[in-house]
Amino acid sequence: MRIAARGLTAGRGGVPVLSGMDFAVAPGRALILRGPNGAGKTTLLRTIAGLQPPMAGTVEPDRDAVAYGGHADGMKGQLTVAENLSFWAGLHRTGGIGAALDAFALAPLEDRLAQHLSAGQRRRLGLARMMVTGRPVWCLDEPTVSLDAANTARFAAMVRRHLEGGGTAVLATHIDLGLDAETLDVARHRAVFGDAARAAGAPA
Amino acid sequence: MIRLVTRDLALAVRAGGGFGLGLAFFLVVTVLVPFGVGPEAAILGPIAPGILWIGALLACLLSLDRVFALDREDGALDLLATAPLPMEGIALAKAAAHWLSTGLPLSLAAAPLGVLLSLPWPGHLWLALSLLMGTPALSLIGTFGAALTVGLRRGGPLLSLLVLPLYVPTLVFGADVARRGAAGLDPATPLALLGAVTLGCLAGLPFAAAAALRVSIR
Amino acid sequence: MSLWSYANPVRFMGATRPLVPILGAVAGVCLVLGLAWGFFFTPDDYRQGSTVKIIYLHVPAALMAINAWFMMLVASLVWLVRRHHVSALAARAAAPVGLTMTLIALVTGAVWGQPMWGTWWAWDPRLTAFLILFLFYLGYIALWEAVEEPDAAADLTSVLCLVGSVFAVLSRYAVNFWNQGLHQGASLSLDAETNVADVFYYPLLVCIAGFVALFGALVLLRTRTEIRARRLHVLRLRERMADA
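Rules used in this analysis
Residues numbered from 1 in each chain as written. Chains lettered and ligands numbered in written order. Predicted model: local features only at pLDDT ≥ 70, side-chain atom pairs only at ≥ 80, totals over all residues. Heavy atoms only, no water. Helix = DSSP H or I, 4+ residues; strand = E, 2+ residues; numbered from the N terminus. Rg over C-alpha atoms; globule rule 2.2 N^0.38 Å. Contact = heavy atoms within 4.5 Å. Areas by Shrake-Rupley, 256 points an atom, 1.4 Å probe, with all protein chains shown as cover. Lys, Arg positive; Asp, Glu negative; His and termini not counted. Charge placed at Lys NZ, Arg CZ, Asp CG, Glu CD. 1 Å grid on protein atoms, 1.4 Å probe; cavity = no way out; pocket = protein on both sides within 12 Å on 5 of 7 lines; lining within 4 Å. Points joined across faces, edges and corners; volume = space filled by probe spheres on them. Nonpolar A, V, L, I, M, F, W, Y, C, P; charged D, E, K, R; others polar. Phe/Tyr/Trp six-rings, centres within 6.5 Å; stacked < 30°, edge-to-face > 60°. Buried < 20%, exposed > 50% of the residue type's maximum accessible area, 1.4 Å probe, protein only. Lys NZ or Arg CZ within 6 Å of the ring centre and 35° of its normal. Buried area = accessible area lost by both parts, 1.4 Å probe. Salt bridge = Lys/Arg side-chain N within 4 Å of Asp/Glu carboxyl O. Polar contact = N/O pair within 3.5 Å; in protein donor to acceptor, adjacent residues only side chain to side chain. Expected span 1.5 Å × (residues − 1). Axes fitted to C-alpha atoms, helices over the stretch in contact; angles between N-to-C directions. Parallel < 35°, antiparallel > 145°, perpendicular 65-115°, else oblique. Left-handed = near helix turned anticlockwise from the far one by under 90°. Disulfide = S-S within 2.5 Å.

Turning to the overall build of chain B, a few remarks are in order. Helices and strands together make up the secondary structure of chain B, namely 10 helices and 0 strands. Its helices and strands taken in sequence order, chain B reads α-α-α-α-α-α-α-α-α-α from the N to the C terminus. Here the C-alpha atoms of chain B give a radius of gyration of 18 Å, agreeing with the 17 Å that 2.2 N^0.38 yields for 218 residues. Dimensions of chain B, computed from C-alpha atoms along their principal axes, come out at roughly 55 × 35 × 30 Å. Contacts in chain B between residues far apart in sequence, at least 24 positions, make up 80% of those at least 6 positions apart. Just so you have it, chain B exposes about 8300 Å², and 74% of that area is on carbon and sulfur atoms. Counting 12 positive and 10 negative side-chain charges, chain B places the averaged centre of each group 6 Å from the other.

Structure follows, in structure tokens:
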């Protein structure tokens, strides 16, 4: 599915962070967001995912097509790996969790409680959740944090399979995953004061 | 939606979920009352319905700040918001899970605790019935309050301040059912009104809670 | 030019600048006149003696306590539907005024109740309803204070105001049901048969007019302050963004 933003202004806490963004991502391709900390990568991802409304402009597709993966993975420590994945698979009404477990070699950990996983294992579980959503558009925020080289490769393979199936992805990452992707430097779209004044309801 | 309810129940029941806390709190409050007002059945009997209702109400309040806060901390609330479940459904499922893990056990425990407070006999049944009918409203109102305060750092005390005044109608009608039942009067009128409050909450509050949630997560 | 054009902060500020001193003056004149008339130039009630004169504070305050909440409800609805910032700020500005009016009504009620009913406080339905209203105001103000982001605070408090209004009405009837009460019937109504005698009635009307003007002046003044505070917020934002 195609992702398109037109005249998009995205902000956090009522303050515009990015403005005047126009981009499009064709099916089968990915968009890599780059920029220093605090530049607005997370804000943009949350806006595309429909977690916050755009302050101006439009963004496609509809939120029902997007799966979001943030810094926090939303996995419950008191549930096992399989239970966590099954919950999300059930909520999204997709089939089994086998493919997701295989993608990150989680099958041996299936019955382990999520609170007993290491940081990297937990991250793998959080990323495996993307597969059970069955959504065509993925928004991922720093997905490779605490992954080792082997698992970063597994992740890249997962995203590549997703793209080959006609999906699209927006990733905020500094690692080269070898994807067929365009790069967007969000620092160049930093909002200026006029946007902020209009958003706060005061005449500039 | 059912899946969200069952997941929340599983989380509540497993270690660290705090399932029994509300119940234990209810027991402790009930046990403390005679120390405060004296052990005579003539004093305890008439105030028992009201005390037990207030105890149950406070026990309900105890677990409210966890309704959305835990899911927000670990990011699950964001993921739920993007899941194919409307926000209203999330609010309703959360209220249902809260009721099943607190309101329902409290309602069942109230009748035996009535014995401790010398509640006159038919009152036990009416007390249990009024709690069964009234606690869903408490959970729904509480879920709304939790949705208002989920984004705040010190939401707990504020949550109580917002939610307790909203509990007045439920408490008035609920305690009156139990009181009339214990005194051998006809509790039909307050029972009907209590049912009306609960159904009204069920019809309206998931929408208000969803509106608050949408604001809180952005 | 429609009423909505005053939703523009600049136009609102311009239009209300002369209004605040005018309303303030009207409030001062009406209150001095009405209270002096009521306190010194009306006869004592044959049953209640001179205690009846507290009516000149009690009734207008109680009236404004409810009307302030009603105004907040309307302003909240306007904010939710039309997203005018002035509206949200006016609702925020009205809340502490309404809280104070409620407090005045409760305290004067207690002072009045002591000689009449022989007690400072009775769980009379009307008094209880006002106490509950007081709690609603507290919760509303606390929520405004707790939420940092201005638009989110406006949204959340508006939803609370709507839900709170429904529950306030519900509580009023629940409390009626729960205790029948000592309070006398309404002092004023459009049905002239039940009104208080004319000698008390006219000074009371003047006092009510004074309270309405006072409420208007205070709310406008506070709304103007809120708008200035919001402008200051924007200026700080500019500074921060220029630094970044």
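The next thing to look at is empty space enclosed by the protein. All names here are of chain A. This structure, assessed with the given rule, holds 3 cavities of 30 Å³ or more. In this structure, the largest cavity encloses a volume near 90 Å³. When contributions to the lining of the largest cavity are tallied by element, the ones reaching two or more residues are α4 (119-133) and β6 (137-141). It is α4 that provides the largest number of residues to the lining of the largest cavity, a total of 5 residues. For the lining of the largest cavity, the per-class residue count stands at 6 nonpolar, 3 polar and 4 charged.

This brings us to the packing of aromatic side chains. Applying the stated criterion across every chain yields a total of 8 aromatic pairs over all chains. Look at F39 of chain C and F40 of chain C: their rings are 6.4 Å apart centre to centre, the planes differ by 85 degrees, and that puts the pair in the edge-to-face class. By relative accessible area, which is 32% here, F39 of chain C ends up partly exposed. Accessibility expressed as a relative area gives 63% for F40 of chain C, which makes it exposed. Between W69 of chain C and Y137 of chain C, the aromatic rings sit 5.3 Å apart at their centres with planes inclined by 80 degrees, giving edge-to-face as the arrangement. Here the residue W69 of chain C occupies a position in helix α3 (residues 55-82), and Y137 of chain C occupies one in helix α5 (residues 125-146), the gap between them amounting to 68 residues. Y137 of chain C carries the same exposure label as W69 of chain C, and that label is buried. Taken together, the ring pairs connect W69, F136, Y137 and Y140 of chain C into an aromatic cluster. Of note, R129 of chain A hangs over the ring of W88 of chain A, and the distance from its end group to the ring centre comes to 5.2 Å. The cationic tip of R83 of chain C hangs over the ring face of W79 of chain C; the distance from NZ or CZ to the ring centre is 4.3 Å.

A few words on the interface of chain A and chain B. In this assembly, 26 residues from chain A lie in contact with 24 residues from chain B. Approximately 2200 Å² of surface area, both sides summed, lies buried where chain A meets chain B, with 59% of it carried by carbon and sulfur atoms. Linking chain A to chain B there are 4 salt bridges. For D71 of chain B, the salt bridge goes to K76 of chain A, with nearest N and O atoms at 2.5 Å. There are 9 residue pairs in polar contact (both at pLDDT 80 or more) connecting chain A and chain B. Of all elements in the fold, only β5 (66-69) and α2 (81-91) of chain A reach the threshold of two or more residues within the side of chain A that touches chain B.

With 15 residues, helix α9 (residues 168-182) of chain B should reach 21 Å at 1.5 Å per residue; the first-to-last C-alpha distance of 21 Å fits that figure. Within α9 of chain B, 12 of the 15 residues are buried, leaving the element largely enclosed by the surrounding structure. Structurally, α9 of chain B contributes buried residues whose contacts are with α3 (41-62), α7 (123-149), α8 (155-166) and α10 (188-217) of chain B together with α5 and α6 (150-178) of chain C. Of the residues one or two after α9 of chain B, G184 of chain B is the one with positive phi, at around 80 degrees.

A word on the interface of chain C and chain B. Between chain C and chain B, the residue contacts involve 26 residues of the former and 29 residues of the latter. Both faces combined, the contact of chain C with chain B buries some 2100 Å², and carbon together with sulfur accounts for 83% of it. Taken as a group, L156, F167 and F177 of chain C account for 29% of the area that chain C buries against chain B, more than any other trio of residues on that side. Linking chain C to chain B there are 0 salt bridges. For the pair chain C and chain B, the number of links is 0 residue pairs in polar contact (both at pLDDT 80 or more). Counting residues per element, the ones that place at least two in the side of chain C that touches chain B are α5 and α6 of chain C. Element by element, the count of residues in the side of chain C that touches chain B is highest for α6 of chain C, at 14 residues.

What follows concerns the packing of α7 of chain B against α6 of chain C. In the contact formed by α7 of chain B and α6 of chain C, the axes pass within 11 Å of each other and the chain directions differ by 160 degrees. Compared by their axis directions, α7 of chain B and α6 of chain C come out roughly antiparallel. The interaxial crossing formed by α7 of chain B with α6 of chain C has left-handed handedness. Touching I141, F144 and L148 of chain B of α7 of chain B are L156, V159, L160, V163 and F167 of chain C, all from α6 of chain C.

By definition, a disulfide is the covalent link that joins the sulfur atoms of two cysteine residues. Applying the stated criterion across every chain, the model contains 0 disulfides over all chains. Cysteine C60 of chain B shares no disulfide, and the gap to the nearest cysteine sulfur, in C201 of chain B, comes to 12 Å. Judged by its relative accessible area of 0%, C60 of chain B is buried. Just so you know, C30 of chain C is unpaired, no disulfide at all, and the nearest cysteine sulfur is the one on C207 of chain C, 8.7 Å from it. By relative accessible area, which is 16% here, C30 of chain C ends up buried.

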